[in-house]
Amino acid sequence: MLKRVFDIVCSLLGLLLCLPLFALLALLIKLESPGPVLFLQVRIGRNLKPFKMLKFRTMVRDAPGKGPAITVAGDGRITRLGRLLRRTKLDELPQLVNVLLGQMSLVGPRPEVRRYVSKYRQAFREVLRVRPGITDPASLAYADEEAVLAAQPDPEHYYVHVLLPEKLRLARQYVRRASLGYDLQLIALTLVRVLYPHRAVSWLLQRLSAHRLAVTLGVQVLLFALANYGAFLLRFDARPPAEQVALFLRFLPLLLLIRVGMLLAFGLHRGLWRYAGTRDLASIVLASSLGSALFALLMREVLGQMGYPRSIYVLDWMLNILLLGGGRMLRRLHERAAHWQGQPHRSRRVLLIGADQEAELFIRDVQERPWAHPYELLGVLGDDPAHTGLRIREVPILGTLKDLEAVVSREEPDELVLTQGLALSPSVKRRLRGLGLPLRGLPSLCSILRGRARLEDLQEPCGEDMLFRCPASGSLEPLRAFLKGRRVMVTGAGGSIGAELCRQIAGFEPQCLVMLERHEESLYRVQMQLSHQGPSQALLPVVADVTDQQRVQAALRCYRPQVLLHAAAYKHVPLMEHHPYEAFRTNVLGTSTMAQEAKEAGVEKFVLVSTDKAVNPSSIMGATKRVAELLLQALSSRPGPTRFITVRFGNVLESSGSVLPLFREQIRRGGPLTITHPEVSRYFMTISEAVNLLLHAAALGQGGEVFVLDMGEPVKILELARRLLGLYGLRPGLDIEIAFTGLRPGEKLHEELFYPYEQVLPSGHPRIRRAVSSRAVGQELLQRLQHFRLPSMLPPREAMKMLRELLQEPSLAVA
C-alpha cells in the first residue's frame, strides 16, 4: 500500500513538472517525422495481464514492417531525435501515466511483449506477481543493451537465449528483495545513470592525466581562492562591501602562498584523489589548520591588519577543509559511480560460515572496497550459540550450524562462503552440499600474509557447484569389503576417470593397484599423487597400450588382478569424428583385447566404463562404445571365470576436455564462452561421485549387467554457463560474451540413458539402475568382429555406415 501511494504521488508530480517538456518533445517529434507522438505497445503486466504501455515514438512510422522487433544501436529505423530520447530515457516518461493508472510501478520488473513471455511463462509468472516498472536492476545492468545486440549476428536470438534469461534472474532477485527503501535506491541509481555524464568526465580526466601535477596544483589553488571568497560571502550575507572585496583581493596572494606551502609540505599534491581516505583527510585538516593559524599570525602580529574580520579566519578554515576534502570525495564518487549503478544486479547474496578472524577480514574488505567485491553479506553462522544476535562489523551473526537450513530458507543466499578456521565434519559438509548452493572457501590468513592469495580471492567454483543438485554418495563399507586386500587393475589410469579410480581404490588398501597407461607423463603424475596414500610397493605402474595384445597378456599374467576396471578409451566426440580408425582401434579392439585376455587370465570382475553417448549414438565415439557394450554382453554369455559388467553414465564436469575447464579458460581469456546451441543439454556428474558409484556398481555386479548411474535431470549448457559466470560476478552479454557456434560433428542436442527396448530396474543402490535389454545378444557380433576391418583413412560417414552394419541396430544414426 505504501509503495502504491508513493507511486501515485511521484507520478502525479512528475507529470505536472514535465508538462512543458512533454509539449516540447511532442512538437519536436511531429516536426521530425510524420506519425503519432506516442507509441503504444501491448505488454504483459501484473499476473500476466496485457496492457498498453506508452512511450514517445522514437522510430519512423512504419518501423515494424521494416525490420525485427528487436532494435540495435545504429538501427536505421530510429530517428535522430529518437536516439537522443532513448539515450536519455526521456522516451519512457509517458509511462508515468501507466503508473498513475496502476498498470505499472516506478520500480519493478520490466514488462515484455507476449511472444517473449510465452517462451519463459513460468519465470514471468513468478516475477510479475508485482507490477512491472519503469526501472529495475535489469534496466541498470543492460542500459547499453542496443550496443550489445548490435554486435551479434542474430540479435533477437541472442536476446531471447542470453539476455532475457539474465534479466529474469535479476527480476527474481528484485522481487525477493522488494521494499520501498530498495526502490528509492534503484530510483537514485537510475537518475545517476541518466543524468551524470560519467563517460564525458572519464574522458576529460583521461586527457588531463598527462598533466596531473599541474592540474592538481591549479585546482587546489582555485579551491583555496574559492574558500576565502566564500568566507567573505558567508560573513556578509552574500553582499560583501567594496572595502571588504578590496581586502580580500589585497591579501589573497599571501593566503595562497601559505596554502600552497602547506600543500607541498604535507604532500597533498602527490596523492591520487581516487584513493583518498581518512589519512588524506587528516593531512588536509592539519595543513589547513596550520595554514590558517600562520595566516592569522602574520596578518595580526606582523602586518598589523586588525581590520581583517576574525570570523573570516574560521570560515576560510572550514571551507578550505570542506572543498579540499569534497574534491577528493567527488573524485572517489566518480570512480564508484559505475559500481553503484551496477551493484544491485552484480552483487551475490553471501552467507558466511564461520565467525573467525578470516571472516572479519573478509567482511572488512568487502565493506571498505565494495567495487572490488560482487557480494552482499547477509550474515554469519558461527559455532557459539551465545554469539547469536551479535554483529561482526555490522554484519549479524544469525546462528550456528544447527540453524543452517532455517537461515538459508529465510535469507535465500546465492552462495555459501566457508572460512578456513572452521573444521567441518563430513556430515556437515553433506548438509551444506545438500542445500544445492555453491560452497566456496576463503584463503587462509597464512596464505594471505605470505602473498600467495588475496583476501578477495575465493576458491574457484568446482564441479559440485555446477551440479544443480546434491552430489551422490554411498557407504564406503561395501567398497572396502570389495577392494581391501585384492589385486586391482585400472586401464587408462592417467586419464580423468582412471586417475580418480586409482585415488579412491588406493584408499581402500588393496593388495596391489596395477595402473596401466600408455602415456608415461600422466602415469608418473598419478603415481606421485598416490605415493603418500599407502605403501609404494602396492602401486604398480605399467606403461602399455590396451591394443597391444602381447603387453596386455604379459601384464595380466604377471600381476593376476582379481578386479579389472577398463577406463581406457577415446572420449572426445568431435575429434573422433575425424579419426574413426583410432576410435575403433582403442574403444573396440582395445576393449576386446582386454576382455579376452582378462578371461584367459582368470580375472573375477571386468568392468567397462561406458557412456550415455552409446545410446542411439550419432557419433563415431558413441558407436564404438556401443560396440564395446555389446561385446561385453556377448562375452558374458559364454562360460568362464570372468563376470563382465558395464557401467554407463554421462559427462564428467572436471574431466579433461569437458565443458567446465573450457569455460574457466575462456573466462580467464576474457571470453567469449562458446556454446554449440542454446537448447543443448547434458547429464553431468562430478568425477568423485561418478567413480564412487562406478565402484558400487562393480561391487554389485554378478555378470552381464548394464548399470546406469543416476545423474539427476539433464542440465542445459547455457544454464551451466550462466551459473558459472554468476559465481565469478560476471554478467552475460556485458562483462563477457556468450557465443553460439552450432552443433559439432557427431553431437546430439540431448543425450539419452536407455534404449526403448531396455527395461529400467533397481539395482539395490538408490543411485544406480539396471538396463535390462529385451533383445538377446548372440555370438554373431563376436564373429562379425573377427572379420571386421575399418580402413584407417575412411571418411566419418562411411565409417558410421560400417559400424551400423557391424552393430545391426536400426536405431543407429548415420552422421
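As the structure is a computational prediction, the values presented were derived from the model and not from experiment.

1. Re the sheet that holds strand β12 (residues 512-517)
Picture the strands of a sheet paired through backbone hydrogen bonds; they go either parallel or antiparallel. As summarised here, the arrangement of the nine strands in space is β13-β12-β11-β14-β15-β16-β21-β25-β24, forming an open sheet in which the pairing is mixed. Edge strands, defined here as strands with exactly one partner in the open sheet, are β13 (539-543) and β24 (758-762). For this sheet, the mean inter-axis angle between neighbouring strands, taken without regard to orientation, is 25°. Of the strand pairs in this sheet, strand β11 (residues 487-491) and β12 are connected by five bridges, and their pairing is parallel. When the bridges of β12 are listed, V488 appears paired with L513.

2. Here we look at the packing of aromatic side chains
The full count for this structure, using the stated rule, is 13 aromatic pairs. Ring centres of Y229 and F248 lie 5.2 Å apart, and the angle between their planes is 50°; on these two criteria the pair is classed as tilted. Taken together, the positions of Y229 in helix α12 (residues 212-235) and F248 in helix α13 (residues 242-265) put the pair 19 residues apart, joining distant regions of the chain. The buried category is assigned to F248, whose relative accessible area is 8%. Taking the centre distance of 5.8 Å and the plane angle of 90° together, the rings of F232 and Y308 count as edge-to-face. Highlighted residues: F232 in helix α12 and Y308 in the loop between α14 (278-302) and α15 (310-346), separated in sequence by 76 residues. Taking the relative accessible area as the measure of exposure, Y308 reaches 2% and is therefore buried. Through pairs of rings, three or more aromatic residues link up here, namely Y229, F232, F248, F251, F295, Y308 and Y313. In this structure, R235 is placed above the aromatic ring of F236, and the distance from its NZ or CZ to the ring centre is 4.7 Å.

3. Thoughts on a nonpolar patch on the surface
Taken together, the side chains of M1, V5, V9, L13 and L17 define a hydrophobic patch exposed on the protein surface, amounting to about 570 Å² of accessible area. We classify V5 as partly exposed; its relative accessible area is 43%.

4. What to know about the packing of helix α23 (residues 549-559) against helix α25 (residues 580-600)
Interhelical geometry of α23 versus α25 gives an angle of 35° and a closest axis separation of 10 Å. At the point where α23 passes α25, the crossing takes the right-handed sense. Listed contacts from α25 to Q549, V552, Q553 and L556 of α23 are T593, M594, E597 and A598. Taken together, the residues of the contact of α23 with α25 break down into four nonpolar, three polar and one charged.

Parameters and conventions
- Residues numbered from 1 in each chain as written.
- Predicted model: local features only at pLDDT ≥ 70, side-chain atom pairs only at ≥ 80, totals over all residues.
- Heavy atoms only, no water.
- Pairing = 2+ DSSP bridges.
- Helix = DSSP H or I, 4+ residues; strand = E, 2+ residues; numbered from the N terminus.
- Axes fitted to C-alpha atoms, helices over the stretch in contact; angles between N-to-C directions.
- Phe/Tyr/Trp six-rings, centres within 6.5 Å; stacked < 30°, edge-to-face > 60°.
- Buried < 20%, exposed > 50% of the residue type's maximum accessible area, 1.4 Å probe, protein only.
- Lys NZ or Arg CZ within 6 Å of the ring centre and 35° of its normal.
- Patch = residues over 30% accessible without salt bridge, like charges linked within 9 Å, V, L, I, M, F, W, Y side chains within 5 Å.
- Areas by Shrake-Rupley, 256 points an atom, 1.4 Å probe, with all protein chains shown as cover.
- Salt bridge = Lys/Arg side-chain N within 4 Å of Asp/Glu carboxyl O.
- Left-handed = near helix turned anticlockwise from the far one by under 90°.
- Contact = heavy atoms within 4.5 Å.
- Nonpolar A, V, L, I, M, F, W, Y, C, P; charged D, E, K, R; others polar.

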